[in-house]
Amino acid sequence: MNIDWGALGEVFVVSFGAAITVIVLFSFGIRALAGPAADPTSAPRQTGAEVPPRPALAVLCLLGCALVVGYGLYLIIAK
Amino acid sequence: MDVLVLVVIITALVFDFTNGFHDTANAMATSIATGALKPRVAVAISGVLNLVGAFLSVAVAKTISSGLVDDTKISPVVIFAGLIGAILWNLLTWLVGLPSSSSYALVGGLIGATWVAAGGDAVHFASVVSKVLIPMVLAPVVAGVVALVGTYLAYRITARADRDAVGRGFKAGQVISASMVSLAHGTNDAQKTMGVITLTLITAGSLPSGSGPPFWVILTAGLAIALGTYLGGWRIIRTLGKRVTEIETPQGFAAETASTGVILVSAQLGFPLSTTMVVSGAIFGVGTGRRLASVRWGLAGQMLLGWLLTLPSAGIVGALAAQVAQTGTTGTVVVGVVGAAIAGGIYALSRRDPVGPNNVNDVPARRLQPAGAEV
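Draft legend 1. A look at the interface of chain A and chain B. Facing 38 residues of chain A, the contacting portion of chain B comprises 38 residues. Of all the secondary-structure elements, those providing two or more residues to the side of chain A that touches chain B are α1 (5-34) and α2 (55-78) of chain A. With 21 residues, the single largest contributor to the side of chain A that touches chain B is α1 of chain A. Residues of the side of chain A that touches chain B, tallied by class, amount to 29 nonpolar, five polar and four charged.

And the structure:
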């Protein structure tokens, strides 16, 4: 019996990498867009812990997502 | 082309249709549950993208048509019997709202029918194990792990940001991620039917052994799965979207992104992977990845049992059908009529407790509300 463990491992590594990249980038993008929590009790008031809206960063993150998705689409269509 | 081949092709398209409405849940259950998409809009998008996806790749179709069973030893009658087994199992699991794998049902039905008609040595068991069973078992685990980690990170990263804005952001993201699942589903599942039709044409001598699917096969298979998807398997959507765990938009996004990744990557490598198992695994993963989310693990046990039963059940029905259909034209007609009667009976049973876009998000405990009170 010939089980292609290499290919299965590849499925895991590639899909893990791609999906986590998109999720992390998107989450950072959302955070940069959203700004700090409206309720001050839930957001600690130390410097650096606050999350001011940063549209430029958001655009960068979401663009990154779009690139990964676009590359995925390219792989499907090009083959 | 003789009548029998035509009947088999139509039966294959019927299977493709059941595959579509059985699996709408895979792409859209979480988006419908979180309200990212209205139920009818969701199934329409999913249907269109399934059609588009059908044209994008044929790697999986070739695995089905050229690896699992010995195409020199079987006839269109055997494929017909196998399809009947797969269709009936799909309808039965839809009736009870179980997200079982259409791929397992198809493979099970074909193996059962081939076994009876041509003997055990016509089934390539080694190929079945390495190309079908193992990836199918690993797929939900892989998707579950990716979804779990993704959910944890998504909540961690956005923990201190404005809650409402984050919810809206992930809702928008879900529209895209759900569309990607539908596209991935189309590149994967429509191909199974293409594979079967191609196999039929090969066994009937219309195509040489080892051929890929002709264009008209790709088109009709894509249309059948898209139509099934559009009609929507609301019973299964409710199970995956509402009964496993309460899903928030970041979780929906994480589940869909994880599923897309796993399905697309595996489709590229030519595994006929079960979209259902990938998505189910991902939904349990996102339930586990969010703190305080309660996951109904009892349901996981039921699903697992259903998955384990799928291959043998469809196989037994396929084998019985092959036994009868092999006896000649009368036998084949009997199998067709009995199959259609059982399908009709299952549909009639489903009308006693209809689930549709109006009540898909009502969990059974809240079903006492007047129908349509909540969309």
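Once the structure has been displayed, the description carries forward.
Draft legend 2. Seen up close, the packing of helix α1 (residues 3-34) of chain B against helix α7 (residues 163-203) of chain B. All names here are of chain B. Running from N to C, α1 and α7 cross one another at 165 degrees; their axes reach a closest spacing of 9 Å. Comparing their axes, α7 and α1 come out roughly antiparallel. As for the relative orientation of α1 and α7, their crossing is right-handed in sense.

Draft legend 3. Region of the structure containing helix α8 (residues 215-231) of chain B. Residues and elements named next belong to chain B. With 17 residues, α8 extends 25 Å from end C-alpha to end C-alpha; this agrees with the ideal 24 Å at 1.5 Å per step. Restricting attention to buried positions, one finds in α8 the residues V217, I218, T220, A221, G222, A224, I225, A226, G228 and T229. Buried residues in α8 make contact with α1, α2 (39-54) and α7. At the C-terminal side of α8, G232 shows a positive phi close to 75 degrees.

Draft legend 4. Up close: the environment of F253 of chain B. Relative to the assigned elements, F253 of chain B resides in helix α10 (residues 249-268). Overall, the presence of 34 C-beta atoms within 10 Å leaves F253 of chain B in the buried class. For the pair F253 of chain B and V286 of chain B, spaced 33 residues apart in sequence, the C-alpha separation works out to 9.4 Å. Residue contacts for F253 of chain B: discarding those within four places in its chain leaves F26 of chain A together with A154, F170, G173, Q174 and S177 of chain B.

Draft legend 5. Broad picture of α7 of chain B. Residue and element names in this part refer to chain B. An ideal rise of 1.5 Å per residue puts 60 Å on 41 residues; α7 measures up with 59 Å between its terminal C-alpha atoms. Of all bends in α7, the biggest is about 30 degrees, found at G186. Where burial is concerned, most of α7 is hidden: 32 out of the 41 residues are buried. At the exit of α7 stands G205, carrying a positive phi of roughly 85 degrees.

Cut-offs used in this document
- Residues numbered from 1 in each chain as written.
- Chains lettered and ligands numbered in written order.
- Predicted model: local features only at pLDDT ≥ 70, side-chain atom pairs only at ≥ 80, totals over all residues.
- Contact = placed C-beta atoms within 7 Å.
- Helix = DSSP H or I, 4+ residues; strand = E, 2+ residues; numbered from the N terminus.
- Nonpolar A, V, L, I, M, F, W, Y, C, P; charged D, E, K, R; others polar.
- Axes fitted to C-alpha atoms, helices over the stretch in contact; angles between N-to-C directions.
- Parallel < 35°, antiparallel > 145°, perpendicular 65-115°, else oblique.
- Left-handed = near helix turned anticlockwise from the far one by under 90°.
- Expected span 1.5 Å × (residues − 1).
- Buried ≥ 20, exposed ≤ 12 C-beta atoms within 10 Å, placed from the backbone.
- Bend = angle between axes of the 7 residues up to and from the residue.

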